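An overview of the molecular structure
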Amino acid sequence: MHDEELMRFEVLCAGEAMVMLTDVDPTGPPLSSTLSVHVGGAEANVARHLSAQGVATAWMSRVGDDPFGQRVMTVLEADGVDTSIVAVDRAAPTGIYYKERAAGGGARSHYYRSGSAASRLSAEDARTVQLGPGLIVHTSGVLAAVSDTTAEFVDALFVEADRFGATISFDVNFRRQLWGDRDAAGALLALAQRADIVLVGRDEAEALWGVPSVDDIIGLLSEPTIVVVKDGDVSAVEVDRRADEPRVTTVKPAPVDVVELVGAGDAFAGGYLAGLLRGEDAPSRLNRGHRAAAWTIGGVDDVRPGHRPKPFARQESTK
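Residues numbered from 1 in each chain as written. Predicted model: local features only at pLDDT ≥ 70, side-chain atom pairs only at ≥ 80, totals over all residues. Heavy atoms only, no water.

**Digging into the packing of aromatic side chains**
- Counted according to the given criterion, the structure contains three aromatic pairs.
- Here the aromatic rings of F268 and Y272 are separated by 6.3 Å at their centres, their planes lie at 5°, and the arrangement is stacked. Here F268 pairs with Y272, and both are found in helix α11 (residues 264-277), just four residues apart, close to one helical turn.
- Y272 gets classed as buried once you look at its relative accessible area, which sits at 0%. (Phe/Tyr/Trp six-rings, centres within 6.5 Å; stacked < 30°, edge-to-face > 60°. Helix = DSSP H or I, 4+ residues; strand = E, 2+ residues; numbered from the N terminus. Buried < 20%, exposed > 50% of the residue type's maximum accessible area, 1.4 Å probe, protein only.)

**Overview of α11**
- Taking 1.5 Å of rise per residue, the 14 residues of α11 would be expected to cover 20 Å, and the 20 Å separating its terminal C-alpha atoms lies within 8% of that figure.
- With 13 of 14 residues buried, α11 lies mostly within the body of the structure.
- Two residues or fewer past α11, G279 is found with a positive phi of approximately 80°. (Expected span 1.5 Å × (residues − 1).)

**Here we look at the pairing of strand β10 (residues 167-171)**
- By the criterion of burial, β10 is predominantly enclosed, with four of the five residues buried.
- Note that β10 and strand β11 (residues 197-201) share three bridges and pair parallel. Residue pairing across strands places F170 opposite V198, the latter belonging to β11. (Pairing = 2+ DSSP bridges.)

**Some points on helix α3 (residues 67-78)**
- With 12 residues, α3 should reach 16 Å at 1.5 Å per residue; the first-to-last C-alpha distance of 16 Å fits that figure.
- The inward-facing, buried residues of α3 contact β2 (18-23), β3 (35-40), α2 (42-52), β4 (57-60) and β5 (62-64).
- G80 sits one or two residues past α3 and shows a positive phi near 90°. (Contact = heavy atoms within 4.5 Å.)

**Topic: the environment of S109**
- On the secondary structure map, S109 appears in strand β8 (residues 107-112).
- Separated by 88 residues in sequence, S109 and L21 have C-alpha atoms that sit 9.7 Å apart.
- Once residues lying within four places of it in the same chain are set aside, the contact partners of S109 are Y97, Y98 and K99.

**What to know about the sheet that holds β3**
- Read across the open sheet, the four strands follow the order β3-β2-β7-β8; overall the sheet is mixed. Both outer strands of the open sheet, β3 and β8, are each paired with one neighbouring strand and no more. Across the sheet, the axes of successive neighbouring strands diverge by a mean angle of 25°, strand direction being ignored.
- Note that β2 and strand β7 (residues 96-101) share four bridges and pair parallel. (Axes fitted to C-alpha atoms, helices over the stretch in contact; angles between N-to-C directions.)

**A short note on the environment of T128**
- Within the secondary structure, T128 sits in the loop between α4 (123-127) and β9 (136-140).
- With a relative accessible area of 46%, T128 lands in the partly exposed category.
- With 32 residues separating them along the chain, T128 and E160 place their C-alpha atoms 9.6 Å apart.
- Engagement of the side chain of T128 in a polar contact is seen with the backbone oxygen of D125, the distance being 2.6 Å. (Polar contact = N/O pair within 3.5 Å; in protein donor to acceptor, adjacent residues only side chain to side chain.)

**Some words on the sheet that holds strand β13 (residues 235-240)**
- Here we have eight strands laid out as an open sheet, ordered β4-β1-β9-β10-β11-β12-β13-β14, and mixed in their pairing. With partners counted over all chains shown, the strands left at the sheet margins are β4 and β14 (247-251), one partner each. Ignoring strand direction, the axes of neighbouring strands in this sheet form an average angle of 15°.
- Direction of pairing for strand β12 (residues 226-231) relative to β13: antiparallel, over a ladder of six bridges. Within β13, the residue paired with V228 across the bridge is E238.

Right, dumping it as structure tokens:
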């Protein structure tokens, strides 16, 4: 993608998207009913939420030359996400996962992504995109964990973002099953310290780094300009270090009926980044993240259809 093409976008999200299958009726045994077909994947979910809120967003990845890849592309394009730099891989399939739902709520995901097209993203792929000042580049710890080459891709993407003056947004997104015996704690902390904006769950920070409190997490993540700590239905806390003195803002979410929690963090990230880009103040952008997450957990899709956020309070950018 050339510089003049990138000028059309405000955010570039990079990561894997998969086709998600789940039972329409969660009351019976798994796979005993008709399956519904959705699309999920952390960074693609964020891209879709950003686009829904009027942010010009592109998505970078690889998909297989198969019906699943076509479904992924169709869904993202229908949501207004630009997919022009997505590579179609004729030698590897699109990843899929099955969401095993339980009656009364809750779910367990089973992933079939080993050797997927997106798992073949490499450092060379990251070097093909010329980034620029004013662009937010968003990815997460999920992509860093998918394969050795995706870890190299994330590293190279950060290098390219620094080189061209783009802003790095990183969601820690710790997925234990993806890391195996590898050093997730060290790798994710190193990436987070290199980012400009970091989003992290209080529970995952404790699991990774042994820091149980919000203050401890903020103290550990000393390098990023903005850190957002999400604590489920308790609060979201932002520390903004852009001024001489760091500003700390805490916003509690409104109560909400939960159908399925998967995708809530991605929804929050999309809402929060949209508010940040549009110059909303800290409480407003945190609330925007909370509202996006609340809508998503009211359904079974990783990106629940039909959500159209309220217009932005003002349109000037802080970039």
